[in-house]
Amino acid sequence: MPNGQWYPPEWPVRIRALAAGEITAATPRRAATVMLLRDGPGGSAATPGGPGGPAASGSSDRTAGSDRTTGSGGPGPFVHMLRRRASMAFAAGAYVYPGGGVDPRDNDRLIGWAGPGRDVWARRLGVDAASAQAIVCAAVRETYEEAGVLLAGESAESVVSDTTGDDWEADRAALVERGLSFADFLDRRGLVLRSDLLGAWTRWITPEFEPRRYDTWFFVAALPTGQRTRNASTEADRTVWIRPAEATAAYDKGELLMMPPTVSTLRQLQSYRTAAEALAGAEGRDMTPVLATARLEDGELVLSWPGHDEFTKRVDPTGGPR
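Now for a quick tour of the structure.

Each value, and the rule that gives it
Residues numbered from 1 in each chain as written. Predicted model: local features only at pLDDT ≥ 70, side-chain atom pairs only at ≥ 80, totals over all residues. Heavy atoms only, no water. Helix = DSSP H or I, 4+ residues; strand = E, 2+ residues; numbered from the N terminus. Buried < 20%, exposed > 50% of the residue type's maximum accessible area, 1.4 Å probe, protein only. Polar contact = N/O pair within 3.5 Å; in protein donor to acceptor, adjacent residues only side chain to side chain. Contact = heavy atoms within 4.5 Å. Expected span 1.5 Å × (residues − 1). Core = buried A, V, L, I, M, F, W, Y, C linked by side-chain atoms within 4.5 Å. Pairing = 2+ DSSP bridges. Salt bridge = Lys/Arg side-chain N within 4 Å of Asp/Glu carboxyl O.

1. A closer look at the side chain of D171
Structurally, D171 is set in helix α5 (residues 166-176). By relative accessible area, which is 5% here, D171 ends up buried. Here R188 takes part through its side chain, which lies 2.7 Å from a polar atom of the side chain of D171. Filtering out sequence-adjacent residues up to four positions away, D171 remains in contact with L180, F185, R188 and R189.

Set out below in structure tokens:
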């Protein structure tokens, strides 16, 4: 039975065209995405019915789709996921985490910052300090833009407890439209970015034969006490809190469409009992970029992701995966 692996039908043609020199690989755009976690019953974070729990999440959905919790039984934390609208040009219909592109305006602005310094993040992410700041800013900004959750506070020891209200929504909309930079947003609100609430998890780069390419850093974070997720993204038609094991089980059955990095990170999260454990587990994880390769083998195109054999595809001469 086929699983839910995202596989654009035009890839075989593009792989051959790239190999023949008929097209050139696009430069990947830097991006960040966040695996937002919360504990279920017995965990240390928000519990069902409380702030950020199923009842709160469902009632706080203000746009299209629903934000609900599935699979309340079993161990481990829940992860927040969005389903991309069918009209999207990239990964339409796929379940993903909140995330998006880096804003160059966040590269060198002096902003309120708490947690590990930019130089520490630079070494962790494998970039210079200015780029590290922009990547971390993108992670925090996109989580706010798409889930309504803000990893920032008035001090290095606090976190915003409520991001609802018309004034917050106006600022969020301005961020989405890029009329307001994240640095200006923090300044306006008198907030500091809580980089200590993030853990760098992994890094994946979109294959060279995909026209829309991203160099994406994946982070993990726990839902702050008092904050509630909602479907704030115009790119998603549904959001859900789901346990990683249940998400991958649905993927294996072909019920949920996902890209390889999403599936890989969900499988990795299954070994953690709480959101706090997962955040602690991020320290020291290998951040070597994962980039798919294509090769010719016995007359077939073989598409693979190094270190992730489950995603290997063998493409027959007619262009379909086997």
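2. Section: helix α4 (residues 129-147)
Here α4 is 19 residues long and its end C-alpha atoms lie 27 Å apart, about the 27 Å a rise of 1.5 Å per residue gives. With 17 of 19 residues buried, α4 is to be regarded as a mostly interior element. Two or three places before A130, at the opening of α4, D128 has a side-chain oxygen 3.1 Å from that residue's backbone nitrogen.

3. Remarks on the nonpolar core
Formed by 44 residues in total, the largest nonpolar core has its most connected members in L125, L150, L198 and F219. Broken down by secondary-structure element, the contributors of at least two residues to this core are β1 (29-38), α3 (118-125), α4, α5, α6 (182-189) and β10 (214-222). At 10 residues, the largest contribution of residues to this core is made by α4. Non-local contacts of L125, meaning those with residues more than four positions away in its chain, are made with A132, I135, V136, A200, R203, W217, F219 and M287. Formed by 35 residues, the second largest nonpolar core is a distinct cluster that contains V79, M81, L301 and W305.

4. A short note on the pairing of strand β9 (residues 199-205)
Taken across its seven residues, β9 has seven buried, putting it largely inside the fold. The sheet contact formed by β9 and strand β12 (residues 290-291) spans two bridges and is parallel. Its bridge partner lying in β12, I205 is registered against L291.

5. Side note on the pattern of salt bridges
Following the criterion strictly, the structure yields 20 salt bridges and no others. Across the salt bridge formed by R109 and D184, the nearest N and O atoms sit 2.7 Å from each other. Residue R109 is located in the loop between β5 (99-101) and β6 (113-114), and its partner D184 is located in helix α6; the two are separated by 75 residues in the primary sequence. Its relative accessible area of 33% is what places D184 among the partly exposed residues. With a shortest N-O distance of 2.6 Å, E277 and R273 are connected by a salt bridge. In this structure, a network of salt bridges that share partners links the residues D106, R141, E142, E145 and R178.

From the geometry alone we can't say anything about function, so treat these as descriptive.
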